[in-house]
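# Results of the structural survey
Residue strings, one per chain:
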Amino acid sequence: MKKIFVSLVLIILASVAYSQEEDQLLVSEIKQSTVITQPATLKKGFFRISAVFTYGAADKMFSDNGRKEYLVGNAWTRSSTNIIELQYGLSNSIEMAFALPYEISTTSRSIIDIIPVTDSVITTARKLKGNGIGDIEFAISYQIIKGTKSKPSLVSKLIATFPTGRKNPSNIKNRWEYDKPTGRGETTLALQVIYRKVIYPYSYSFTGAFKYPFGGEKVLFPYEDPISFRSGNYYEAGGNFNFLLNDWIAVQNDLYYAYKRADSYNDNTTYFSNNQSAIYYHPNISFQLKKFRLVQGVLFPLKGKSISADPYYNIYLQYIF
Amino acid sequence: MTALYERVMKLKEKYMKYHILIWWLLLMSITAYAQTGNDSILLNERKIDRPLTLHKGQLQFNTAYEFSIISQEYDNNNKSINRADMGTASIMHKYSLELNYGLLDFLQITVDLNYTKRGERKETRQLYSPDYEINYFDDYKGFEDLFIGTVLKLPLKSKKFELALSPGIYVPLFSNRPEAPEHNISLIDGDLPIIRIVYYNNHKIATETAAIKIGASSIFRASKDFSVSAKLNYSWPVSESESIIWINQLNGSSFIYYDIPYRFLIDNTLDYEVTLAYQAISWFNISLSYFHKNKSSGWSEITGFRIGNPESELSLLSIGYEIKASRNLWISEFIDIPLGGRNHLGPFSIYLGISYNFFPLNKN
Amino acid sequence: MKAINPSRIASIFILVASILLLSDCIKSEYYIDPESLEIWEIYNTENGLGCDSVWTLAEDQEGNIWVGTMYNGVSKFDGKTWTNYTTEDGLLDNSVLSIAQDGYGYMWFGTRSGLSIFYDNTWTNITDFGGVRSILRDYDDNMWIATSDYAVMEYKNSTWHQYYDSECEWCNVVNVIFEDKERNIWLGSDQDLKKIDDQTVITYTQSDGIPGSSIKSIGQDMWGNIWVGSTGSSNVARYNNGIFEQVALSNGLAVNIVSSIAADNRGNVWFGLFVTGAMKFNGSIMESFTVKDGLPGRSVTIILKDKHGYLWFGTIDGGVAKYMPGLD
């Protein structure tokens, strides 16, 4: 499977690298800013509104020893995060952003109880839903080094999330039927640094990020008492390489490593979580038509430990004005 | 035929690990010698204007990824069963590689290979006294049978209407024998200890059956920007095939396995597709298709009895587009929506394809 | 160079395609139509069976199924019609406990009153040995019968030989005789289990792991394990390499009567039970089959696998069911 995937990537890269496209790439003057050529932060007075849709289904996991395994139990979980994001250029170097997510998640199970002594067979279908507003996010980005056509840019971004999403199970019918939480239940603060260089029609960047959660208190399972907890610190490092196919189609390739320390549950040894890590590959294809942009991509976990191994599909629509 | 098949299998085993390097080198060498001559055809030709066969000397690599969510299934009465609510929905990943070459302006050869992966769960069963929790999991993965075919465009005078025939064969290159199961048993401690068994069965996708396919395709260009096309295919197996089924015995806390051979005959398949396409801009084409497939007349002795496969059908609606990113590179994306069926899974699929076209050998 | 004529190539393609299509039409295969598939076929007095209370089943060399009933003699099924034989036809007793066919094609019926041998419309009745509970034809075509008065008798080289345990009276009340693939003869009695290997007799009792008090059934699975079913236990026993391992029936009852054991062609072992129908063991777990699954009666007295792989279930009050395993 991996060999086939790598082959596909090589073929795509080769075909683009060697194709005689000079005359297909139109003029050197850029007619519109694409994901490759847009400034590192929005210019002063500009707004960008994005509608993001993501979808994933739980099918595989990376085990504690990094082996990719199917989730063999009878359960079908599909989840989707839909985000409205608004970005605004305060100045040519400072950008503010606000994101409001809406979570949709469903887990379905069906169990057949066979009781020979009474000769009865009982089928029970259970559904867990988690629909609702998630944790909102504020971000402020500052271009430390302003990027130009010949110079790279260096941006630092501070991101704060607030626990506006429902943090406890609700609408509890029994231990196996209730509404799942839609938020993490804690405030987090993250710092991200992005170094980007544009060499038309290519660009590349390196990213590093660190997230610090402040912890909180929440109910983990129905009928239980609230428990103090703190999510593990999160670290991320990676880069991407992007290129324009033509004036309005761009391909982005993100590759990054993410590591999250185990969550801690104060004074409680009943609950346990593992350190999680993964290497992700996130290709996107972006179509730009004047001020509209449509981006589609899939997030592939290539390797990992104690983390989901399923691809996550994303599509977002942006408009800049 | 058998000797040739064995030789091919041996070569495949020997060189499989080098195949990426071989593909890469082949592609590099071909592209290095690519000429600009007929590239102008590719530059100016819209999708709606493309003939049913490639141009002479045109080489086409098509790669695609298809992601399918199988959350429903159609029963024998065409009724849809919601697998998602039962917790038995599944995801299928399919990777395709197709190579086409225009031998002549009206004759094209095709080689098509697909790799599919899917994991399917059944409903959990709980037994009592002693207490058991039993999970059933079926892992389907592997290559499909290799397809080699030709497309011959008939010499019709009209530029608006084209007709082509497309015979081909499925070559049984890959084994259909599944690996031994990976069942496991464990004791879950608790207030009431439960014995958990996971029956993990492996399955192959290839049928290892030689089959013949004949087909026809046509296109009618109703106007400069609008076309209607149709395809019809019929395939059938050349002979019966054999595979194995595994039975198990629990020996202490581990399972031992034993295989039993059985014979089967794959179904005859008839499928057709009708497509309406609109060339919105010279580089952007959108299409709407209706696809229907019917399979019948196969049988299997997997139970020990020769029982016919139930007749199955599937209808899909496909909506998609193709964008010509450059003269050589075309990107297509489709969504397949299941409309109905019988004794068939109902997959909702997203298909992303990339087609690279060039003339490796021609000079102009 | 002469240009290649596409019309000529098209003609060749069409001709080849027609031949290939025709070859497909010629090919035809017989198989069971899934639309008309009957997983369970029920036979009772309504469709020709002599009596709904069934003690035993057997298959002869022609593939006919013979049903020994509790009150109305024996019924023969050739796949389409039933023929019944009672005391009026010459059968010794209408309560038929066991059936087997010998190497000459004679049908042997073990009844409450003795042995009844049938061939070519002629009956030969033997009452010397008392009631006959079990009959076996071994690999060497010798006939073994378990009797009420004379323990076990073997008919070999036209002579009767007796197997009698002088040290254990209850051990001579043999309920079942079975031959395994290694040609060992197994005798299940009210007290013990005996394995006869050439001329060696090995005796197993509850202390060796035999469940329950009285052995009612013996069978062998595809793996070569010997299975033993009895009265008065919640388990059955699996014998391999000299060791008996108890396997729970998992039917929720502490006490069972395991009337019959049979193995299908897919590695499953079936246990016929009184009151709770049948249990299927797939190698690791037991699954229950009852009236709700298609069995015609709650109590199964006998399970027979025919030469095609079908399983036949005889019941106390529901007649006989022919079952196609593997589709459950």
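Computed from a prediction, not measured in an experiment: that's the story for all the values here. (Residues numbered from 1 in each chain as written. Chains lettered and ligands numbered in written order. Predicted model: local features only at pLDDT ≥ 70, side-chain atom pairs only at ≥ 80, totals over all residues.)

## Here we look at the overall build of chain B
Per the secondary structure count, chain B includes four helices and 22 strands. Residues counted as buried form 30% of the 364 residues belonging to chain B. The contacts of chain B with a sequence gap of at least 6 include a subset with a gap of at least 24, amounting to 64%. (Helix = DSSP H or I, 4+ residues; strand = E, 2+ residues; numbered from the N terminus. Buried ≥ 20, exposed ≤ 12 C-beta atoms within 10 Å, placed from the backbone. Contact = placed C-beta atoms within 7 Å.)

## Some points on the nonpolar core
Core analysis: the largest hydrophobic core is formed by 89 residues, its most contacted members being C:Ile99, C:Ile177, C:Val228, C:Phe271, C:Ala278 and C:Phe313. Every residue in contact with C:Ala278, bar those within four places of it in the chain, is listed here: C:Trp270, C:Phe271, C:Gly272, C:Leu273, C:Phe289, C:Leu295, C:Val300, C:Ile303 and C:Phe313. Judged by nonpolar contacts, the second largest core, of 14 residues, contains A:Ile36, A:Leu244, A:Ile285 and B:Leu329. (Core = buried A, V, L, I, M, F, W, Y, C linked by C-beta atoms within 7 Å.)

## Thoughts on the environment of C:Gly79
Mapped onto the secondary structure, C:Gly79 falls in the loop between β4 (74–77) and β5 (82–85). For the pair C:Gly79 and C:Val291, spaced 212 residues apart in the sequence, the C-alpha separation amounts to 23 Å.

## Looking at unusual backbone geometry
Excluding glycine, most residues fall at negative phi; most peptide bonds, likewise, are trans. Across the junction of A:Tyr200 and A:Pro201, the peptide omega takes the value 0 degrees, indicating a cis bond. Structurally, A:Pro201 can be placed in the loop between β12 (188–199) and β13 (202–213). The phi dihedral of B:Glu208 is positive, around 55 degrees, even though this residue is not glycine. As for its position among the elements, B:Glu208 is in the loop between β11 (194–203) and β12 (211–221). Phi is positive for C:Val275, which is not a glycine, with a value near 80 degrees. Relative to the assigned elements, C:Val275 resides in the loop between β23 (269–273) and β24 (277–281).

## Description of the interface of chain C and chain A
Each partner contributes to the interface: chain C provides eight residues, whereas chain A provides four residues. Grouping the constituent residues of the side of chain C that touches chain A by class yields one nonpolar, six polar and one charged. (Nonpolar A, V, L, I, M, F, W, Y, C, P; charged D, E, K, R; others polar.)

## Overview of the sheet that holds strand β6 (residues 96–101) of chain C
Residue and element names in this part refer to chain C. Strand order in this open sheet of four strands is β6-β7-β8-β9, and the pairing throughout is antiparallel. The two strands at the open ends of the sheet, each matched to only one other strand, are β6 and β9 (122–126). Within this sheet the neighbouring strands show an average axis-to-axis angle of 20 degrees, counted without direction. Strand direction decides the pairing type here: β6 and strand β7 (residues 107–111), joined by five bridges, are antiparallel. (Pairing = 2+ DSSP bridges. Axes fitted to C-alpha atoms, helices over the stretch in contact; angles between N-to-C directions.)

## What to know about the confidence of the model for chain A
Residues of chain A with pLDDT of at least 70 account for 89%, and the chain-wide mean is 86. When the criterion is pLDDT under 50, residues 3–31 of chain A qualifies, and its contacts beyond four places in sequence or with other chains add up to 35 contacts. (pLDDT = per-residue confidence, 0-100.)

## Regarding the pairing of strand β17 (residues 200–204) of chain C
All names here are of chain C. Two elements, strand β16 (residues 193–197) and β17, share five bridges in a ladder whose sense is antiparallel. Bridging across to β17, Lys 195 finds its partner in Ile 202. Here β16 hands over to β17 after two residues, with Asp 198 in that stretch at a positive phi of 55 degrees.

## Some remarks on the sheet that holds strand β14 (residues 241–251) of chain B
Picture the strands of a sheet paired through backbone hydrogen bonds; they go either parallel or antiparallel. Strands sit in the order β14-β15-β18-β19 (chain B) across an open sheet of four strands; the sheet is antiparallel. Each edge of the open sheet is held by one strand with a lone partner, namely β14 and β19 (307–308) of chain B.

## Considering the confidence of the model for chain B
Overall, the prediction assigns chain B a mean pLDDT of 88, with 88% of residues at 70 or greater. In this model residues 15–37 of chain B is a low-confidence stretch, pLDDT under 50, and it forms 25 contacts with partners more than four residues away in sequence or in other chains.

## Examining the pairing of β5(C)
All names here are of chain C. Bridging between β4 and β5 involves four bridges; their strand directions are antiparallel. By the bridge assignment, Val 74 is partnered in β5 with Tyr 85. In textbook terms, the turn of a hairpin is the stretch between consecutive antiparallel strands, and for β4 and β5 this stretch comprises four residues, one of which, Gly 79, has a positive phi near 105 degrees.

## Re the environment of B:Tyr278
All names here are of chain B. You can see Tyr 278 is positioned in strand β16 (residues 268–281). Look at Tyr 278 and you get partly exposed, because 15 C-beta atoms sit within 10 Å. For Tyr 278 and Val 228, which are 50 residues apart along the polypeptide, the C-alpha to C-alpha distance reads 9.1 Å. When near neighbours in sequence (up to four residues on either side) are disregarded, Tyr 278 contacts Asp 225, Phe 226 and Ile 286.

## Topic: the environment of A:Gln192
Residues and elements named next belong to chain A. Along the polypeptide, Gln 192 turns up in strand β12. The exposure class assigned to Gln 192 is partly exposed, which follows from the 17 C-beta atoms found within 10 Å. Sequence spacing of Gln 192 and Ser 141 is 51 residues, and the spatial spacing of their C-alpha atoms is 9.0 Å. Excluding residues within four positions of it along the chain, Gln 192 makes contact with Lys 157, Ile 159, Thr 207 and Ala 209.

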